[in-house]
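Results of the structural survey
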Amino acid sequence: MRTRQRRQEDADQVAPRAATDYDLPVNLTTLFDASLTGRSTRVGLECTGADGRPATLTFGELDARANRMAHELAARGLSRGDRLCVHLPNRVEFIDLYLACTRLGVIIVPANVLYRERELRHIIGDAQPRAVVSTIGSEATQASDVPVWIIEELSVAAASRVSTRPSVNLSSQDPALIVYTSGTTGAAKGAVLTHGNLCANATTLTAAWRITDADRYLAVLPLFHVHGLANGVHCWLASGCLMRLAERFDQRTALAELREFRPSLFFGVPTIYVRLLDASVIPDSEATSIGAAARLFVSGSAPLPAHVHEAFRQKFGHTILERYGMSEALMILGNPYDGERRAGTVGPPLSGVVARLVNGEGTEAGDDEVGEVEIRSPHLFSEYWGRPDATAAAFHDGWFRTGDVAVRSQDGYYTLRGRRGDLIISGGFNIYPREIEELLLEDPRVREAAVVGIADAIRGEVPVAFIVADPSLDMAELDAFCRAQLASFKVPRAFRRIDTLPRTALGKVQKHLLPTD
Ligand code: MLC
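1. Let's talk about the site of the ligand
Contacts to the ligand come from 23 residues, most closely from Arg275, Ser301, Arg323, Gly427 and Arg459. Interatomic distance of 3.1 Å between a backbone N/O atom of Gly325 and an oxygen atom of the ligand. Summarising the interface, the protein chains cover 76% of the accessible area of the ligand, which totals 1,000 Å² for the free molecule. Sorting the residues of the shell around the ligand by element identifies α12 (270–277) and β13 (321–326) as the ones contributing at least two each. Its residues placed into classes, the shell around the ligand shows eleven nonpolar, eight polar and four charged.

Have a look at this one:
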């Protein structure tokens, strides 16, 4: 058992916050070059081409496309430190843009493709990008005061540019990505991830999960979140394996994708694993051969129920490796590749990450005691964009406060017990109740609103709204209002009228007393 003093010594030896503590000529371009130039003639990507037909690209072709796109972006005035908002589904052009920006030092701001005008408007207003790249007819066109570049036109323009590598010297401290994530208070904040953070995360995972160029990675997660991008795309390019890029996980096409591509490596959120257990999605007769081709299934972004872990092992013959991370810190804890992958736990800290649990009194919790997970890590973001107050509040004595509550077993495995705030995770997408409550209160007939997550067998949780409102208000109107303003996964599944919200003597809403069954 490790003592408190020993953990502190470990913490002191690890670079605590990469962005402020070292400055090396390490950046994503140098990391990815092992594949993009080092294995240039090898097929690196299977995807859907611009004509809608299956396409393959070598690493060398991907490199050239990225260079051309970089010249096009530079010609449009983008340079180091500028932001570019990308509101695109999974397609090769997302990768072109991402690589182009990492070469120029332009900071990518990915926006969830399901976001509506209101949600996009906030991100664009906060990050102040030079432009937004989107598809024809996207909500970005209404949401934006900055130019909207349509991806098809941008790609055509890029194709006529030279394919030489632009020369920009970047260090590990250059920001590469701003990922929007809300706290329990206030509007969504942009977590700034540096090249150093992202390189450290990718090399840690590639080593921890034994990813090599012999792997076949099936990418079904959205590229606009760190799970699909900082884990998926980065491990692909760091290892030089073959990636098949699906536009999204679709249970109707999952069997065909798995049977045809035979991935050795798969990253999913629990909802995806629940779907794969459904015999109408993957018949039992197919599971054995899919399992035989596979090497590793990783789950994250939401808790994986222990019964799903066990049912998956029985059906596919694989023990899912569950890990834990968040946008601000990338990957934090993970079950071991070799050794016991313990159902219901998220394992010990990943190599290079130091974690501790802090109890309500602000002192370190011992093994088997509940506490908030605090970490120091080279993967840890540098700041919230333009929000020094929020950045300072996120740290405690130099440790990052995750907001998640856990216990640690005597042999070092962490089990998550809940969240400090009232975050809802549905299908791996984070939902902040306050954002929905504030929207509901915009209707003058709504006097009070409280949104809570209720258990859902497929998506983990779904939001439900409790409303105190004028009798003239029809709940169907609220549903329509939310559908018009919010990404579909945030729209409450039910709107329940209630006379008053339960409150403490101090007036705080007691969400746990709401009738959720
Ligand atoms: C979902 N939808 C999408 C979509 N995902 N539409 C377009 N692109 C996507 N990527 C829409 C559907 O159109 C539909 O909308 C609704 O969502 C539900 O779709 P479904 O087919 O019923 O999907 P379902 O089986 O529920 O699965 C959804 C899912 C999706 C699991 C595929 O939720 C998903 O991709 N989740 C991953 C989220 C993720 O990557 N999180 C990582 C965050 S990073 P409608 O309008 O018909 O209802 C993080 C850090 C960490 O948390 O540690 O990883």
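Having seen the structure, we can now continue with the description.
2. Quick look at the nonpolar core
Core analysis: the largest hydrophobic core is formed by 115 residues, its most contacted members being Leu45, Leu73, Leu84, Leu97, Trp236, Leu276 and Phe400. Take this core: its biggest share by element is nine residues, from helix α5 (residues 92–104). With residues up to four places along the chain from it excluded, the contact list for Leu45 reads Ala55, Thr56, Leu57, Leu62, Val92, Ile95, Trp236, Leu242, Met243 and Leu245. With 38 residues, the next largest nonpolar core counts Ala143, Ala188, Leu440 and Val491 among its residues.

3. Overview of the sheet that holds strand β25 (residues 495–497)
The strand order β23-β24-β25 describes an open sheet built from three strands, whose pairing is mixed. The outermost strands of the open sheet, each flanked by one partner alone, are β23 (446–456) and β25. Adjacent strand axes in the sheet meet at a mean angle of 30°, parallel and antiparallel pairs treated alike. One ladder, built from three bridges, connects strand β24 (residues 460–469) with β25; its direction is parallel. Note that in β25 the partner of Phe466 across the bridge is Arg496. Of the strands in this sheet, β23, β24 and β25 are in contact with helix α16 (residues 433–440), which crosses β23 at around 145°. Packed on one face of the sheet, helix α17 (residues 475–485) meets β23, β24 and β25 and runs near 145° to β25.

4. With respect to the sheet that holds strand β12 (residues 296–299)
The pairing of strands in a sheet comes from backbone hydrogen bonds and takes either a parallel or an antiparallel form. Across the sheet, which stays open at both edges, the eight strands sit in the order β2-β1-β10-β9-β11-β12-β13-β14 with mixed pairing between neighbours. Of all strands in the sheet, those with a lone pairing partner are β2 (54–58) and β14 (330–334), marking the two edges. Sheet twist, expressed as the mean angle between neighbouring strand axes with direction ignored, is 25°. Contacts from helix α4 (residues 59–75) reach β1 (43–48) and β2 within the one sheet, and its direction differs from that of β2 by about 85°.

5. Considering the packing of aromatic side chains
Geometrically, a pair of aromatic rings is defined through the distance of the ring centres and the angle of the planes. Per the stated rule, a full pass over the model turns up 16 aromatic pairs. Seen from their ring centres, Phe59 and Trp236 are 6.1 Å apart, and the 35° between their planes marks the pair as tilted. Note that Phe59 is positioned in helix α4 and Trp236 in helix α10 (residues 227–239), a separation of 177 residues in sequence. You'll find Phe59 and Trp236 in the same group, each marked buried. Relative to Phe297, the ring of Tyr273 lies with its centre 6.4 Å away and its plane at 75°, an arrangement referred to as edge-to-face. Taken together, the residues Tyr273 in helix α12 and Phe297 in strand β12 connect sequence positions 24 residues apart. Of the two residues examined, Tyr273 and Phe297, each falls in the buried class. Grouped by ring-pair contacts, the aromatic residues Phe266, Tyr273, Phe297, Phe312 and Phe316 constitute a single cluster. A cation over an aromatic ring shows up here: Lys189 above the ring of Tyr384, its NZ or CZ 5.0 Å from the ring centre. The ring of Phe261 carries the charged tip of Arg216 above its face, separated from the ring centre by 4.4 Å.

6. Description of the domain arrangement of the protein chain
Assigned domains of the protein chain: these are domain 1 (47–170) and domain 2 (423–513). In this assembly, six residues from domain 1 lie in contact with twelve residues from domain 2. Counting each side, the surface lost to burial between domain 1 and domain 2 is near 740 Å², with a carbon and sulfur contribution of 44%. Our enumeration of links across domain 1 and domain 2 arrives at two salt bridges.

7. As for the state of the cysteines
Taken as a whole and assessed by the stated rule, the structure comprises zero disulfides. Note on Cys47: no disulfide assigned, nearest cysteine sulfur contributed by Cys241 at a separation of 14 Å. We classify Cys47 as buried; its relative accessible area is 8%. Residue Cys235 stays outside any disulfide, its sulfur separated by 8.3 Å from that of Cys241, the closest cysteine. Looking at Cys235, the relative accessible area reads 1%, which means it is buried.

What counts and how
Residues numbered from 1 in each chain as written. Predicted model: local features only at pLDDT ≥ 70, side-chain atom pairs only at ≥ 80, totals over all residues. Heavy atoms only, no water. Near = heavy atom within 4 Å. Polar contact = N/O pair within 3.5 Å; in protein donor to acceptor, adjacent residues only side chain to side chain. Areas by Shrake-Rupley, 256 points an atom, 1.4 Å probe, with all protein chains shown as cover. Helix = DSSP H or I, 4+ residues; strand = E, 2+ residues; numbered from the N terminus. Nonpolar A, V, L, I, M, F, W, Y, C, P; charged D, E, K, R; others polar. Core = buried A, V, L, I, M, F, W, Y, C linked by side-chain atoms within 4.5 Å. Buried < 20%, exposed > 50% of the residue type's maximum accessible area, 1.4 Å probe, protein only. Contact = heavy atoms within 4.5 Å. Pairing = 2+ DSSP bridges. Axes fitted to C-alpha atoms, helices over the stretch in contact; angles between N-to-C directions. Phe/Tyr/Trp six-rings, centres within 6.5 Å; stacked < 30°, edge-to-face > 60°. Lys NZ or Arg CZ within 6 Å of the ring centre and 35° of its normal. Domains from an automatic or database assignment. Buried area = accessible area lost by both parts, 1.4 Å probe. Salt bridge = Lys/Arg side-chain N within 4 Å of Asp/Glu carboxyl O. Disulfide = S-S within 2.5 Å.

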